[in-house]
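Remarks on the overall topology
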Amino acid sequence: MLPCILVHFCYGLKLYARPLLCHACLLVNLATHPFVYRRGRMVMKKPRIVIVGAGMAGLTAAHRLHAAASGDLFDLCVVEAGHRLGGRILTSVFAGDRVEMGATWIHGIGGSPIHAIAHDIAALAGDREPWERMDGFPSDPLTVAEGGALVDPYVVVDPVTSLYRRLMDSARAGDATVDPKRPGVGPFLRHGLQVYRSSRGGSSGCGEWSLEELEECVFAMHEFMERTCTSADDLNELDLAAESEYRDYPGDQITIAKGYSQIVEHLASALPPGMIRLGRRLRRIEWCSDGDGDGQPVRLHFEGEHSAMAADHVIVTVSLGVLKAGLGKGGGDTSGVKFSPPLPAFKQEAIERLGFGVVDKLFMEIEGDDGGGGFPFLQIAFAHEEREGRRLVTGIPRWMRRTASICPIYRGSRVLLAWFAGREALDLEALLDEEIIRGVHATLDAFLPADVTCGGGDKVDRRCNERGAASSPPRIARVKRSGWGRDPLFLGSYSYVAVGSSGADLDLMAEPLPRLCGDPKEKEDRSASPPPPSPPPPLQILFAGEATHRTHYSTTHGAYLSGAREANRLLQHYCYTSAA
């Protein structure tokens, strides 16, 4: 009779609209999900899936699961701790320009799912509102050393920039030799600079600056850029071997004209009203690790007066920072998501080993009606605090001293942008706007005095107005900055592979719970023990987010791919092929 029941059941749920992978698979899944009687007919209760987080990963998973069987297969719910969609994607407007407070770039357009969506919804086409980096990445930087000395692009800037790029290209190609005693990116880069200096011929510097001092400043400037690219506060703690596994898509790196938030809004628009519930901050997940649970094996507990939720499956897409805080790492007792019983050792260790850093953006509006038409793409080469301490300009705050550039968000914009990472980013988040403006003014005064000069005495004015008269450094009217590090819903920006970790930890992050194959570290000899209890229900807790993708971590497309991966995992569990 069972085959007859199966056929009756399949047609009762309209499963004929999607192909079954196999009859045996359906038998297994029927055995693990409850039946209910409706109008005298036996039908299966829809599996309850709760997705935690309405960022790129969570909305992608929800979109794909809802699209399966026209939304008839699952009882879906997305819970979001904040009061908006998007997670670490947040488009805003500042001084009339569209800016990105979080994710900014599409990292390669060839095959990128983010580019494909942006193209399909016409988000790449500009409208009346200018947007950040609408003219691409600037290619004509003006590099100035602390105090206002213009650094020669041919003698110093171009050779050092080429050296840095060669070193990082070799690291990402897997050609770099890893020193087991110092396996970070930082020592590798410094060794490369040392070799370069020993092999080049001697040359004079620029006025009071020696060539070695200028090379040091420019090389450090590129290291500061690397910190914002990777989110690693200290490049000594960024694993060199793992660099070879990271991948971008080929082609141009571009921004989205109508804003990155258009992507998440598009994904959310396909979901029915009420499926996404904002303001639900998850504090604890109870799950069944030993097979003793019955009914829906997962229970979610929220902050405040919100009722707990029961589920068959939960897809967790919170940031790695929130997971670390749940283990008591870096977020305090009041932050993070806790698990009961605790996460198994392999999962906890992967969370602890991987790096998760802070990257913030500071937008600055220039005073005056003329705007920033003449402001250059300014690369700022700070004097090394220990080696060239005598060159330090007083008044520049410490939090500014590991910033690589200040530049308009597009040519002619009155909005300037600077990036910050690590400790300096956290310091920036804690400051008052007035303190930030004073620090920026001190920096501009030091790098753009009335006449930018080369130490040899030749005056170079790169900030003339339309009448040709030299102008003083611009003043800042107001600022707008991100604050990902101190936001308890994120506690950072994106992940990196830290020294002591590896790409394998990213794979461990993606493993669902319970771990059906068992944790090798937790296996015991049970030859003399009674038979183990029945296995726990599978796929109770699934994990998605940029920190769960081995080759595309730290990116929005990595988050997208991870959300699709976990949705497909559940669809395959229920013997469906996703059409999304």
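Everything numeric here is computed off the predicted structure, so don't read it as measured data. Along each chain, residue indices are assigned from 1 in the same order as the chain's sequence is written. In keeping with the predicted nature of the model, local features appear solely for residues at pLDDT of at least 70, side-chain atom pairs appear and are counted solely at 80 or more, and the whole-chain, interface and lining totals rest on all residues. Side-chain figures throughout are based on the complete set of non-hydrogen atoms in the structure, without hydrogens or water.

**Points about the overall build of the chain**
- Of the regular secondary structure elements, the chain holds 14 helices and 26 strands.
- Buried positions account for 52% of the 580 residues belonging to the chain.
- In this description, accessible areas are obtained by the Shrake-Rupley approach with a 1.4 Å probe, and a residue is regarded as covered only by the protein chains that are shown. Carbon together with sulfur atoms contributes 52% to the accessible area of the chain, which is approximately 25,600 Å² in total. Put simply, DSSP H or I for four residues or longer makes a helix, DSSP E for two residues or longer makes a strand, and each gets a number counted from the N terminus. Type-normalised accessible area, obtained with a 1.4 Å probe on protein chains alone, sets the label of each residue: buried when under 20%, exposed when over 50%, and partly exposed for intermediate values.

**Regarding the packing of aromatic side chains**
- For Phe, Tyr and Trp, where Trp contributes only its six-membered ring, two rings pair if their centres lie within 6.5 Å, and the inter-plane angle classes them as stacked under 30 degrees, edge-to-face over 60, or tilted in between. Enumeration according to the criterion identifies nine aromatic pairs in this entry.
- Ring centres of Phe382 and Phe447 lie 5.0 Å apart, and the angle between their planes is 75 degrees; this geometry places the pair in the edge-to-face category. Here Phe382 is found in the loop between strand S19 (378-381) and strand S20 (405-408), whereas its partner Phe447 is found in helix H12 (residues 433-447), with 65 residues between them in sequence.
- In this structure Phe447 comes out as buried when scored by relative accessible area, which is 0%.
- Geometrically, a lysine NZ or arginine CZ counts as sitting over a ring once it is within 6 Å of the ring centre and also within 35 degrees of the ring normal. Taking NZ or CZ as reference, Lys347 lies 4.0 Å from the ring centre of Phe543, over its face.
- Stacked on the ring of Phe346, the Lys or Arg Arg515 has its end atom at 3.8 Å from the ring centre.

**A look at the sheet that holds strand S26 (residues 541-543)**
- Across the sheet, five strands lie side by side as S11-S4-S3-S15-S26; this open sheet has parallel pairing. The strands lining the two open edges of the sheet, one partner per strand, are strand S11 (276-278) and S26. Pairwise comparison of adjacent strand axes, ignoring direction, gives a mean angle of 20 degrees for this sheet.
- Two strands are counted as paired when DSSP detects at least two bridges linking them. Bridge analysis of strand S3 (residues 48-52) against strand S15 (residues 313-316) gives four bridges, and the strand direction is parallel. Paired with Ile51 across the bridge in S15 is Ile315.
- Of the strands in this sheet, S3, S15 and S26 are in contact with helix H14 (residues 556-573), which crosses S26 at around 145 degrees. Axis lines are fitted through C-alpha atoms, for helices just across the contact stretch, and the angle between N-to-C directions can take any value from 0 to 180 degrees. Every residue pair with non-hydrogen atoms within 4.5 Å of one another is taken to be in contact.

**Some words on the sheet that holds strand S14 (residues 309-311)**
- Ordered in space as S14-S13-S12-S16, the four strands form an open sheet in which the pairing is mixed. Pairing within the sheet leaves two strands with one partner each, and these edge strands are S14 and strand S16 (338-340). On average, adjacent strands in this sheet sit at an angle of 20 degrees to one another, irrespective of strand direction.
- Pairing analysis gives four bridges linking strand S12 (residues 282-286) to strand S13 (residues 298-302), with the strands arranged antiparallel. Bridge pairing in S13 places Leu282 opposite Phe302.

**So, the side chain of Glu223**
- Note that Glu223 resides in helix H7 (residues 211-230).
- Residue classification places Glu223 among the buried positions, given a relative accessible area of 11%.
- Those residues in contact with Glu223 that lie beyond four places of it in its chain are Tyr164, Leu189, Arg190 and Leu235.

**Thoughts on the packing of helix H4 (residues 113-120) against helix H8 (residues 261-269)**
- Two elements in contact, H4 and H8, have axes separated by 10 Å at closest approach and are oriented at 80 degrees. The pairing of H4 with H8 is recorded here as roughly perpendicular in orientation. Two secondary-structure elements touch here, H4 through Ile114, Ile117 and Ala118 and H8 through Ile263, His266 and Leu267.
- Ten residue types, Ala, Val, Leu, Ile, Met, Phe, Trp, Tyr, Cys and Pro, are classed as nonpolar, four, Asp, Glu, Lys and Arg, as charged, and the remainder, Gly among them, as polar. For the contact of H4 with H8, the residue count by class is five nonpolar, one polar and no charged. Orientation is classified from the angle alone, with under 35 degrees giving roughly parallel, over 145 giving roughly antiparallel, 65 to 115 giving roughly perpendicular, and any other angle giving oblique.

**What about the environment of Pro297?**
- Within the element layout of this structure, Pro297 appears in the loop between S12 and S13.
- Pro297 gets classed as buried once you look at its relative accessible area, which sits at 12%.
- It is 9.5 Å that separates the C-alpha atoms of Pro297 and Pro538, two residues lying 241 residues apart in sequence.
- Ignoring anything within four residues of it in the chain, the contact list for Pro297 reads Glu286, Trp287, Cys288, Ala311, Asp312, Pro537 and Gln540.

**Some points on the nonpolar core**
- Membership of the largest hydrophobic core comes to 40 residues, with the highest contact counts inside it found for Ile51, Met56 and Leu65.
- Only S3, helix H3 (56-67), strand S4 (75-80), H4, H8 and H14 provide two or more residues apiece to this core.
- With near-sequence residues (within four places) excluded, Leu65 lies in contact with Ile49, Ile51, Phe74, Leu76, Ile315, Ala567, Leu570 and Leu571.
- Of all hydrophobic cores here, the second largest spans 37 residues; its members include Trp287, Val316, Leu320 and Leu343. Within this scheme, the nonpolar core is defined by two criteria: the residues are buried Ala, Val, Leu, Ile, Met, Phe, Trp, Tyr or Cys, and they are joined through side-chain atoms within 4.5 Å.

**Details of the pattern of salt bridges**
- Salt bridges are defined by distance alone: a side-chain nitrogen of Lys or Arg within 4 Å of a carboxyl oxygen of Asp or Glu. Inspection of every chain in the model, using the stated rule, returns 36 salt bridges.
- We note a salt bridge from Glu212 to Arg200, for which the minimum N-O separation is 3.1 Å. Of the two residues, Glu212 is situated in helix H7 and Arg200 in the loop between helix H6 (185-199) and H7; the sequence distance between them amounts to 12 residues.
- What makes Glu212 partly exposed here is its relative accessible area of 38%.
- Among the ionic pairs, Arg398 bridges to Glu424, the shortest N-O distance being 3.2 Å. One end of the pair, Arg398, is in the loop between S19 and S20; the other, Glu424, is in helix H11 (residues 422-430), with 26 residues separating them in the sequence.

**Some remarks on the side chain of His313**
- Structurally, His313 can be placed in strand S15.
- Judged by its relative accessible area of 2%, His313 is buried.

**Regarding H12**
- Over its 15 residues, H12 runs 21 Å from end to end, which matches the ideal 21 Å to within 8%, given 1.5 Å per residue.
- Listed in full, the buried residues belonging to H12 are Ile436, Ile437, Gly439, Val440, His441, Ala442, Thr443, Leu444, Ala446 and Phe447. Here, expected helix span is obtained from the residue count minus one, scaled by 1.5 Å.

**Digging into the packing of helix H5 (residues 153-172) against H6**
- Where H5 meets H6, the closest approach of the two axes is 10 Å, and the angle between their N-to-C directions is 135 degrees. On the basis of the axis angle, H5 is oblique to H6. Regarding H5 and H6, the two cross each other, and that crossing is right-handed. Between H5 and H6, the contacting residues are Pro159, Leu163, Tyr164, Leu167, Met168, Ser170 and Ala171 on the first element and Val185, Phe188, Leu189, Gly192, Leu193 and Tyr196 on the second.
- Of the residues assigned to the contact of H5 with H6, the class counts are 11 nonpolar, two polar and no charged. Helix crossings fall into two classes, left-handed where the near helix is turned counterclockwise from the far one by less than a right angle and right-handed where it is turned clockwise.

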